[in-house]
Amino acid sequence: MSEGYPDIRLRRLRQTPQMRRMLDRPFPGPERFLWPVFVVPGSGVCEPIDAMPGQFRYSVDQLIEALKPVANMGISGVLIFGLAEDSYKDGTGTHAFDPKGTVQEAVRAIREAFPRLLVFTDVCVCAYTSHGHCGPLTAAGVVNNDASNVVLAKVAVSHAEAGAQGVAPSAMMDGQVAAIRGALDAAELTDTILMSYSTKFASAMYGPFRDAEKSAPQSGDRQGYQASCRDLGTALRESDLDEAEGADILMVKPSLFYLDVLTRLRERTDLPIAAYNVSGEYAMLIATADRGWGDLYPMVRESIIALDRAGADIIISYWANQYEKVLAP
Ligand code: PBG
Ligand code: ZN
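Residues numbered from 1 in each chain as written. Chains lettered and ligands numbered in written order. Predicted model: local features only at pLDDT ≥ 70, side-chain atom pairs only at ≥ 80, totals over all residues. Heavy atoms only, no water.

(A) Representation of the packing of aromatic side chains within the structure. One pass over the structure, following the stated rule, counts twelve aromatic pairs. A ring pair is formed by F38 and F209, whose centres lie 5.5 Å apart and whose planes are at 55°; its orientation type is tilted. With F38 in strand β1 (residues 33–39) and F209 in helix α6 (residues 207–213), the pair connects residues that are 171 residues apart, well separated along the chain. Each member of the pair, F38 together with F209, is buried. Both rings, one in F81 and one in F209, keep their centres 4.9 Å apart while their planes meet at 75°; by these two values the pair is edge-to-face. Of this pair, F81 sits in strand β4 (residues 77–82) while F209 is found in helix α6, placing the two residues 128 residues apart along the sequence. Comparing F81 with F209 shows no difference in burial state: the two are buried. The lysine or arginine in question, K200, covers the ring of Y206, its NZ or CZ lying 5.7 Å from the ring centre. One cation-aromatic arrangement involves K253 over F209; the distance from NZ or CZ to the ring centre is 5.9 Å. (Phe/Tyr/Trp six-rings, centres within 6.5 Å; stacked < 30°, edge-to-face > 60°. Helix = DSSP H or I, 4+ residues; strand = E, 2+ residues; numbered from the N terminus. Buried < 20%, exposed > 50% of the residue type's maximum accessible area, 1.4 Å probe, protein only. Lys NZ or Arg CZ within 6 Å of the ring centre and 35° of its normal.)

(B) Inspection of the coordination of the zinc ion (ligand 2) at higher detail. The coordination sphere of the zinc ion (ligand 2) contains the protein donors C124 (SG), C126 (SG) and C134 (SG), at a distance range of 2.2 to 2.3 Å. Note that the zinc ion (ligand 2) binds four donor atoms; their angles at the metal cover 98 to 126°, and the shape is tetrahedral. In primary sequence terms, the donor set of the zinc ion (ligand 2) follows C-x1-C-x7-C. As far as the burial class goes, C124 and C126 line up, both buried. (Donors = N, O, S within 2.8 Å, 3.2 Å for Na, K, Ca; no water. Tetrahedral: all angles 85-135°; square planar, octahedral: opposite > 155°, others 65-115°.)

(C) View of the site of ligand 1. Every one of the 17 residues lining ligand 1 counts as a neighbour, but K200, R210, K253, S279 and Y318 are closest to it. In this structure, K200 approaches ligand 1 through a side-chain N or O atom, which is 2.8 Å from an oxygen atom. At 3.3 Å from a nitrogen atom of ligand 1 is found a side-chain nitrogen or oxygen belonging to K253. Here ligand 1 has 400 Å² of accessible area as a free molecule, and 100% of this is covered by the chains. If you map ligand 1 onto the pockets, it falls in the largest cavity. Tallied by class, the residues present in the shell around ligand 1 amount to nine nonpolar, three polar and five charged. (Near = heavy atom within 4 Å. Polar contact = N/O pair within 3.5 Å; in protein donor to acceptor, adjacent residues only side chain to side chain. Areas by Shrake-Rupley, 256 points an atom, 1.4 Å probe, with all protein chains shown as cover. 1 Å grid on protein atoms, 1.4 Å probe; cavity = no way out; pocket = protein on both sides within 12 Å on 5 of 7 lines; lining within 4 Å. Sits in = over half its atoms within 2 Å of the grid points. Nonpolar A, V, L, I, M, F, W, Y, C, P; charged D, E, K, R; others polar.)

(D) Up close: the environment of T199. Summarising the element assignment, T199 is placed in strand β8 (residues 199–200). Owing to a relative accessible area of 1%, T199 belongs among the buried residues under this scheme. Residues T199 and L265 lie 66 residues apart in sequence; the distance between their C-alpha atoms is 9.6 Å. Ignoring anything within four residues of it in the chain, the contact list for T199 reads A235, E238, S239, M251, V252, K253 and V261. (Contact = heavy atoms within 4.5 Å.)

(E) Summary view of helix α2 (residues 60–73). With 14 residues, α2 ought to run about 20 Å at 1.5 Å a step, and its terminal C-alpha atoms sit 20 Å apart, in line with that. The largest bend along α2 reaches roughly 35° and is located at L67, with the proline P69 sitting one to four residues downstream. Along α2, the residues that are buried comprise V60, L63, I64, A66, L67, V70 and M73. Here the buried face of α2 lies against β1, β3 (56–58), β4, α3 (102–113) and α11 (323–327). G74 sits one or two residues past α2 and shows a positive phi near 95°. (Expected span 1.5 Å × (residues − 1). Bend = angle between axes of the 7 residues up to and from the residue.)

Note that every value here comes from positions in space, so none of it alone points to a role or purpose.
What follows is the structure, given as C-alpha cells:
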C-alpha cells in the first residue's frame, strides 16, 4: 500500500442511497411498539402532561378516541397506567385491584373497541398507596416484600379478568413473578402473558412520569427495591431470576442509558426483551430540540435505532402515538 492510499475502503458500500438502503437494517416498524397510556377516572378528560408534551391523562372515553389513529398506524398495543384520586388511596393500594377500577374499565373498553390491539397493564400500587411506595409498608416504614407480592398478585388477576392479554409487574419485589404466575394459574388465567419489568433501575429518569402519575414516594426513595445502576451483575441476575420464575417477556428500564444491559441480556436469554424508553428519555430530547440544540425527529429516530441495535424486540415508548409523524421514514 502506498502512502495515503488505504487498501480497505468502507465508503465504497455507502456511496449511494440505493446501496445504503440495500445494506441497512430496516427501521423498527410500528408493530414493535407499545404505547404507555395514563388513565384517570371520569369522562371527557384529556389533560396535557406538562413534562411530557404529546402525552395526556385520559378518561376511558377519551383514551378510546386517542387510540383510533394509533391503532390505524399499526402500533401493537398499549401499556396502561392508572391514576386514583387521593380519597381512594390507602396504605395497601387496595383500589388497584378493584374490579370496577379505572384500569379494569379501560381494559374492557379497549378490548371491545380495538379487538386487534394488545392490552398490557402495569401492575404496581404506587399510584394507589397513600405513601406512594410500590407496596404496603412494615411497621418500620420499609416496603414489605412478601405482603406486596400478595397485593400485586391480586392486581394482576383483576387486570387479566378484565381481559388484559398481558400483565407487567413493575414493583421490583423479590418473587413477584412467581407469585403472580401462581395466582393467574390458580384463577385459570393460564394464557395471560407476564411481561416482567425484570431489570428496572432506581433511576433519575422517571421524573416526568412521577409527575404524570402523581406517584412520587411521600418520603424516601425506591433504592431499597429497584436495582442499582452501578451494579451490572445484580441487574442481570434480576432478569435471570424472573425468567426462572416464569416470565414470558423480560424488560430493561430505563433503556437509552442502559444499552449495555440490553445487549448483555440479549446474549444470555432467548426470551423476547422489551426496552422501556422512559419519560425522562422522552422529555430530554424534546427539551433539547425546544432550545434549538438539536433536530427532534432525527434525534428520536437515532435513539430508537440504538434500542433495536442493542437487542430490544419490543419498544415501549411515548413516541408510539406519534409513529407516523416522527418515526415513519
Ligand atoms: C412505577 C413505575 C414507574 C415507571 C413505570 N412504572 C416510576 C417509578 O418506578 O418510580 C416509570 C416510567 C417512566 O418514567 O416513563 N412502578
Ligand atoms: Zn410502583
